[in-house]
Amino acid sequence: MRLVASRGPRVSLEDVADEAGISRQTLYVHFGSRAGLFIAMAEYMDTSEQLQPLLQRVFAAPTALDALDAVAEVHAQYHPVAYPVARVFLAGRYDDEALRRTWDERMSSRRLLYRDVVARLHDEGLLGARWDVETATDIIWALTSWQMWEALVVERGWSKADYLRHLRTVLRQTLVVPRT
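Residues numbered from 1 in each chain as written. Predicted model: local features only at pLDDT ≥ 70, side-chain atom pairs only at ≥ 80, totals over all residues. Heavy atoms only, no water.

With respect to the nonpolar core
Across soluble globular proteins, nonpolar side chains have a tendency to be buried as a group. Judged by nonpolar contacts, the single largest core of 59 residues is most densely connected at F38, V58, F89, L127, I140, W146 and L171. At 17 residues, the largest contribution of residues to this core is made by helix 6 (residues 64-92). When sequence neighbours within four positions are dropped, the list of residues in contact with W146 reads Y78, H79, A82, Y83, A86, L90, W103, M107 and R110. (Core = buried A, V, L, I, M, F, W, Y, C linked by side-chain atoms within 4.5 Å. Buried < 20%, exposed > 50% of the residue type's maximum accessible area, 1.4 Å probe, protein only. Helix = DSSP H or I, 4+ residues; strand = E, 2+ residues; numbered from the N terminus. Contact = heavy atoms within 4.5 Å.)

What follows is the structure, given as structure tokens:
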């Protein structure tokens, strides 16, 4: 993880093997390929880092607005943790079928989460009239993308707090029925 964080998508299996004090062959035996190593890293992060408690906040939210805010919290908290590995997927998904397939599965799962939140907004009468569930889901998916987070936090230097505050504002002002 340290190598991926410091070298990004350029890290090689040889680099990882050298750092771990093992042979490249040992890595191949355990992970099958460079993509297999990165897929395992992503799965490890999902289960051992803070993602599950963050997702639980979305599922347990008492209202749709609370769930929408919790979605923003997921991205503000988890993107910085997972960014080094996500960069590998972003860079490699065009050339590596296993990375592309895993990326697509992960993005489909994200989209399903957002769809559930938008459906709650709709069911609670809070989804703006100009939105249907699918289009509003797509907007959340785009606004919470890795590319958007990278542009604002990495490139523009937004703090985690700024990102969270502004994302919550944009999501609410864009999707939710204005209060009268």
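A short note on helix 4 (residues 34-48)
Under the 1.5 Å per step criterion, the end-to-end length of helix 4 is 21 Å for 15 residues, consistent within 8% with the ideal 21 Å. Along helix 4, the positions that sit buried rather than exposed are A35, G36, L37, F38, I39, M41, A42, M45 and D46. Buried residues belonging to helix 4 abut helix 1 (2-7), helix 2 (13-20), helix 3 (24-31), helix 5 (51-60), helix 6 and helix 7 (97-123). The opening residue of helix 4 is S33, an N-cap whose side-chain oxygen sits 3.4 Å from the backbone nitrogen of A35. (Expected span 1.5 Å × (residues − 1). Polar contact = N/O pair within 3.5 Å; in protein donor to acceptor, adjacent residues only side chain to side chain.)

A closer look at the packing of aromatic side chains
In total, this model carries three aromatic pairs according to the counting rule given. For the pair W146 and W149, a centre-to-centre distance of 6.4 Å together with 75° between the ring planes defines the contact as edge-to-face. In this pair, W146 and W149 are both assigned in helix 9 (residues 146-155), three residues apart and thus about one turn of the helix distant. Exposure class is identical for W146 and W149. Each is buried. A connected cluster of aromatic rings, assembled from ring pairs, spans Y83, W146 and W149. (Phe/Tyr/Trp six-rings, centres within 6.5 Å; stacked < 30°, edge-to-face > 60°.)

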